[in-house]
Amino acid sequence: MTLKHLVPSPHVYTIELTHGEFTWQVKRKSKHFQEFHRELLRYKAFIRIPIPTKRHTVRRQTIKRGEARQMPSLPRTSDNMVREEHLSSRRKQLEDYLTNLLKMPMYRNYHGTMEFIGVSQLSFIHDLGPKGIEGMIMKRSGGHRIPGLNCCGQGRLCYRWSKRWLVVKDSFLLYMKADSGAISFVLLVDKAFSIKIGKKETETKYGLRIDNLSRSLILKCNSYRHALWWGQGIEEFIQKNGKNYLKDHRFGSFAPLRENTLAKWYVNAKGYFEDVANAMEAAKEEIFITDWWLSPEIFLKRPVVEGNRWRLDCILRRKAQQGVRIFVMLYKEVELTLGINSEYSKRTLMHLHPNIKVMRHPDHVSSSVYLWAHHEKLVVIDQSIAFVGGIDLAYGRWDDDEHRLTDVGSAKRMTATKSGSSMNLASPAETGQLPSDGPQMEPPVKLPLHRNSDDLPDASRMKGIGKTKKFARFSIYKQLHRHGLHHADSVSSVDSESHKGSVRSLKTGVGELLGETRFWHGKDYCNFVFKDWVQLDKPFADFIDRYTTPRMPWHDIASVVHGKAARDVARHFIQRWNFTKIMKPKYRSLSYPFLLPKSQRTADELKYQVPEAVCASVQVLRSAADWSAGIKYHEESIHTAYVSMIENSEHYIYIENQFFISCADDRVVSNRIGDAIAHRVLKAHRENKRYRVYVIIPLLPGFEGDISTGGGNALQAIMHFNYRTMCRGDNSILGQLKAEIGDQWINYISFCGLRTYSELEGKLVTELIYVHSKLMIVDDHTVIIGSANINDRSMLGKRDSEMAIIVQDSDTIPSMMDGQEYKAGRFAHSLRLQCFRVVLGSSTDPKDLQDPVCDKFFKEVWIATAARNATIFDKVFRCLPNDEVNCLAQLRDFIAKPKLACENPLKATEELKKIHGFLVQFPFSFLDKENLLPSVGTKESMVPMETWT
């Protein structure tokens, strides 16, 4: 401990203290030492231990009011040497006194000593960053910006004063109860952070006001000097250590651009789920999860060869038992319109272990939020690794690049020892107890009131399963025993009654397994357009017949980031969690703690790293508002980034999205992404430059309904707005392009969907692949991945809450662009190639995929493949949607005509062999003579139009 310098008043000392890596300052007057010493004397008398005395003692006698002036003071003289001598003497006396005091454990741990030197139990935590000023304050209640409760605590008669311990860190402030140390509130530093002093600003004598986007916190001090000391101390510390949080960053994001960030992409959920499972297993302190829908009983690693070990609920329970704290936020749906049963998910998870805490939000009545949803899909590990994308930890999401349509296999549990139990895949709801490592499941989906961009699936494709083949006798148990996994609870699915299985070669972590198995268990085998989820409390019971109905494949994109960018994702989660805790009375108990963001100073100290991540610049983006995050001004940085990236693109943009609702008309639709695409294409045409736009969306919206009879009002409503954006009306993209360049638009832009086929129980079947991605790649250099759909719900910020990242490559590799040598970004280039390989098929020559702009690829590969595949599918299956059907009256005749798949299966099979990949042209003319908006009097027509856009 050293005495650094003096403030202008000779009776006030700024003392610098050091403890390990932490250094901080306290300012005290001589009278404060006197008062502190008297308190120690009383403490000494109570516990009977010595205190520093002799020359270190600061006047034992009682000091009466006004007697402080009698303390030895500095001589009023111009002799600087005499003045400095007195200062040094006094400085040495106080320094030695504190030094000796802090060497004595009983006094060092005494709360009065901790208060005097400004420390608490949160002062010296490495991950919380440098130590700021701390001290006791009087704080006024109220000031929270809570939708629907803005008047609470604002009036003079409503508030109350409470004594609290205030802690200042580099990116947040908090206050705790003085007696218990329980954290009572956390105030994040943000762009609206400010400090004001004075009665005019605070309506309080000697008041101090601290503002951010979420609250105005009023403090009451002992004097104006005391208020000034707090105000200046907080401001100086934040400016020095947390200045980055005070800025409004690029695209209006709350988070800055983070360079040298490790990032990785995922195409489809197989690799994503595996990495999430491994990262959870490596967690040491905390796991954050937020989803639109979460199904506790899903398996994160498939095929299942280790029993329940990699079931989500089993992972979470195992980590909670190890002391890891797990915090889950779920979207609380309007139960009459959605069947995702978040209450079941919460109850299931909460019953696993006390270390697992689950919140649901919003409360629709108290918050008046009926139309909007929490739509983020995030998993954050120790605030150091963050998974961001479009994939919920829920049923129907797991898929790989094969996008199988069938899964009728059945693996039977084989045991070497006598056992009285069969497969341990049942949920607590079914058995009344928790399996040795197991979770539970979730509900169905009905109307689309809160069904944002994510939760509506579509048709699938069937390929690669084939007929049963002859195979050698095989024992999964022997494989497990060989790899030390013979204690697994189960091998695969529960369906032990089925003897009709499809044989496959499975490349797994335990070698190649030849046998009957399942990838999708129970409710995970789904086709939500055919039938929405029901009875989610029975997770391993099938709800559709997998021997007659193909599943709907799920195509999706996700990502993971490390370090500082992961801290930004965690900060968003923490802001939402703390806001929900303040807003909902049931979460205000100490069992639901306030969460604290870790410091950026320690963000790069990674204890675990996801394999195969590459270095890039990453910025976190979001859609957030008062109802979703409790912030004063809404943020729509995802929308801003999309528009900016499109406007500034040079060669191409590649989009995969669940919805395509855009083109602002200032009445019904407001986001500007579609307009930006049209303007960029027109700019390329005027400049006579090649420019390509690739858009992949679902062939049908993901709402339950039979398209052969029209599909239902909800499905048709989404179709209306998708078509309105793409090709119908003057405001559509093609409408704007045709007005200026006529049919030449075909040289610039392509709209496609995905479809596949397979054989199911001896019959040829087809289904569309449901595109759930929220992806844009620009110029092989920049990528946006997240949860935000291209519609107003996701993009405008005030509606659904969303999270995304924008990745800009810093590491380049040689490639081609428009026939010229080009330095492509490693992250963006590899992701585009993988997307192209999946949708175009593995048989496509890799050389043809390198240049996404040249005429050969765009016309001879992309357009030709999509057109050929669509023609073959129409010929074999007479698929819907189809350009031959322009109105509902034509649907019946179209369906009644014979299909080649039924009339001549052999010939149909030969035709299907010509299909490459999954890509098909989007049918622009389907039902183009119909008004697809909900008819007057239907329940869909009664909800606001914003629900669909």
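First things first, this report covers the structure right here in the doc. Being a predicted model, the structure only gives us computed values, none of them experimental. (Residues numbered from 1 in each chain as written. Predicted model: local features only at pLDDT ≥ 70, side-chain atom pairs only at ≥ 80, totals over all residues. Heavy atoms only, no water.)

Section: the overall build of the protein chain
Rules: Under the scheme used here, helices are H or I runs from DSSP no shorter than 4 residues and strands are E runs no shorter than 2 residues, and both carry numbers assigned from the N terminus. Using a 1.4 Å probe on the protein chains alone, a residue whose accessible area is under 20% of its type maximum counts as buried, one over 50% counts as exposed, and one in between counts as partly exposed. Residues count as neighbours in contact if any of their non-hydrogen atoms are within 4.5 Å of one another. Using a 1.4 Å probe, accessible areas were evaluated by the Shrake-Rupley method; residue-level cover was limited to the displayed protein chains.
The helix and strand tally for the protein chain stands at 25 helices and 33 strands. The buried share among the 949 residues of the protein chain stands at 61%. Counting only contacts in the protein chain whose residues sit at least 6 apart along the sequence, the fraction spanning at least 24 positions is 75%. Roughly 38,100 Å² of accessible area belongs to the protein chain as shown, and the carbon and sulfur atoms make up 50% of that amount.

A short note on the packing of aromatic side chains
Heads up, the rule is: Stacked, tilted and edge-to-face are the three classes assigned to paired rings of Phe, Tyr and Trp, where Trp is represented by its six-membered ring and a pair needs centres within 6.5 Å; plane angles under 30 degrees give stacked, over 60 edge-to-face, the rest tilted.
Applying the stated criterion across every chain, the model contains 36 aromatic pairs. Taking 5.8 Å as the distance between ring centres and 70 degrees as the angle between the ring planes, the aromatic pair formed by tyrosine 723 and phenylalanine 922 counts as edge-to-face. Residue tyrosine 723 is located in helix H17 (residues 713-726), and its partner phenylalanine 922 is located in the loop between strand S33 (919-921) and helix H25 (939-942); the two are separated by 199 residues in the primary sequence. Across the pair, phenylalanine 922 and tyrosine 723 agree in class, each one buried. Pairing phenylalanine 857 with tryptophan 862 gives two aromatic rings, centres 6.2 Å apart and planes at 50 degrees, and the pair type is tilted. Overall, the relative accessible area of 1% leaves phenylalanine 857 in the buried class.

Regarding the pattern of salt bridges
Put simply, the test is: Here, a salt bridge means any Lys or Arg side-chain nitrogen found within 4 Å of an Asp or Glu carboxyl oxygen.
All chains considered together, the criterion is met by 37 salt bridges. Lysine 131 is the salt-bridge partner of glutamate 134, the closest N and O atoms lying 3.5 Å from each other. Across the pair, exposure class does not vary: glutamate 134 and lysine 131 are buried alike. Of the charged contacts, one joins arginine 347 and glutamate 343 as a salt bridge, the two residues approaching to 2.5 Å between their closest N and O atoms. A residue pair is termed a helical-turn pair when its members lie 3 or 4 positions apart in one helix, as arginine 347 and glutamate 343 do in helix H9 (residues 342-350) at four residues. What emerges from the salt-bridge pattern is a single network uniting Asp127, Glu285, Arg567 and Lys598.

Let's talk about the pairing of strand S14 (residues 356-361)
Burial of S14 is extensive: six of the six residues sit out of reach of the surface. Neither face of S14 is left uncovered, since the one carrying Ile356, Val358 and Arg360 and the one carrying Lys357, Met359 and His361 both have all their residues buried.

What about the packing of helix H20 (residues 826-840) against helix H21 (residues 855-877)?
Defined as follows: Note on geometry: axes are C-alpha line fits, over the in-contact stretch for helices, and angles between N-to-C directions span 0 to 180 degrees. Roughly parallel means an angle under 35 degrees; roughly antiparallel means over 145; roughly perpendicular covers 65 to 115; every other angle is labelled oblique. The classification used treats Ala, Val, Leu, Ile, Met, Phe, Trp, Tyr, Cys and Pro as nonpolar, Asp, Glu, Lys and Arg as charged, and all other residues, Gly among them, as polar.
The interhelical angle for the contact between H20 and H21, taken along N-to-C directions, is 45 degrees, at an axis separation of 10 Å. For the element pair H20 / H21, the angle class is oblique. On the side of H20, the interface is formed by Phe836, Val839 and Leu840, while H21 contributes Phe857, Val861, Trp862 and Thr865. The class makeup of the residues in the contact of H20 with H21 is six nonpolar, one polar and no charged.

Notes on the sheet that holds strand S6 (residues 172-177)
The condition that has to hold: Pairing between two strands requires that DSSP report at least two bridges joining them.
The strand order across the open sheet built from seven strands is S7-S6-S5-S4-S10-S9-S8, with neighbouring strands paired in antiparallel fashion. Of all strands in the sheet, those with a lone pairing partner are strand S7 (183-188) and strand S8 (194-197), marking the two edges. Each neighbouring strand pair of the sheet contributes to a mean axis angle of 35 degrees, computed without reference to strand direction. When strand S4 (residues 134-140) meets strand S5 (residues 161-168), the two strands line up antiparallel, connected through seven bridges. Its bridge partner being in S5, methionine 138 is matched across the sheet by lysine 163. The sheet strands contacting helix H6 (residues 224-241) are S4, S5, S6, S8 and strand S9 (207-211), and the helix crosses S8 at an angle near 165 degrees.

Quick word on the nonpolar core
Convention followed: Put simply, a nonpolar core is a bunch of buried Ala, Val, Leu, Ile, Met, Phe, Trp, Tyr and Cys residues held in one set by side-chain atoms that sit within 4.5 Å of each other.
Residues Met280, Phe387, Ile677 and Leu737 are the most contacted members of the largest nonpolar core, which totals 137 residues. Residue contributions to this core peak at eight residues, all from H17. Here isoleucine 677 is in contact with Ile646, Ile653, Ile655, Phe660, Val693, Ile733 and Ile749, once residues within four sequence places are set aside. Core analysis: the next-biggest nonpolar cluster, separate from the first, contains 64 residues, Trp577, Val618, Ala828 and Leu840 among them.

Points about helix H15 (residues 637-647)
Burial runs high along H15: nine of the 11 residues are buried. The set of residues buried in H15 consists of Ser637, Ile638, His639, Ala641, Tyr642, Val643, Ser644, Met645 and Ile646.

Side note on the environment of lysine 564
The topology assignment puts lysine 564 in helix H13 (residues 563-583). With 308 residues separating them in the primary sequence, lysine 564 and proline 256 have C-alpha atoms 9.6 Å apart. If we skip the residues at most four places from it in the chain, lysine 564 touches Arg258, Gln600, Ala603 and Asp604.

Some thoughts on the pairing of S5
A large share of S5 lies buried, amounting to six of its eight residues. The antiparallel hairpin formed by S5 and S6 contains three residues in its connecting segment.

Side note on H17
Along an α-helix, a turn takes 3.6 residues, which lines up residues three or four apart on a common side. To keep things clear, this is the line we draw: By this rule, a helix spans an expected 1.5 Å times one less than how many residues it contains.
Its 14 residues give H17 an end-to-end C-alpha distance of 20 Å, which sits within 8% of 20 Å, the value for a rise of 1.5 Å per residue. Of the positions making up H17, those classed as buried are Ala714, Leu715, Gln716, Ala717, Ile718, Met719, Phe721, Asn722, Tyr723, Arg724, Thr725 and Met726. Where H17 is buried, its residues meet helix H18 (733-741), strand S25 (749-760) and H25.

Looking at empty space enclosed by the protein
Heads up, the rule is: A 1.4 Å probe that fits into a set of points on a 1 Å grid over the protein atoms alone but cannot get out defines a cavity; an open set with protein on both sides within 12 Å along at least five of seven lines defines a pocket, and lining residues are those with an atom within 4 Å of a point. Grid points are joined across faces, edges and corners, and a volume is the space filled by probe spheres set on the points.
Summed over all chains, the structure comprises eight cavities of 30 Å³ or more. Within this model, the largest cavity holds a volume of roughly 210 Å³. Class assignment of the residues belonging to the lining of the largest cavity gives a composition of nine nonpolar, four polar and eight charged. The volume enclosed by the second largest cavity comes to roughly 190 Å³. Phe185, Val186, Ser214, Asn578 and Phe579 are the residues nearest the centre of the second largest cavity, which is lined by 16 residues in total. For the lining of the second largest cavity, the secondary-structure elements that each account for two or more residues are S7 and H13.

So, unusual backbone geometry
Omega for the peptide link from arginine 302 to proline 303 comes to 0 degrees, which places this bond in the cis form. Of the consecutive residues histidine 361 and proline 362, the connecting peptide bond is found in the cis state with omega at 5 degrees. Its place among the elements puts proline 362 in the loop between S14 and helix H10 (364-367). For aspartate 780, which is not a glycine, the phi torsion comes out positive at approximately 55 degrees. Tracing the chain through its elements places aspartate 780 in the loop between strand S28 (774-778) and strand S29 (782-786).

No statement about biological role is implied by the geometric values presented.
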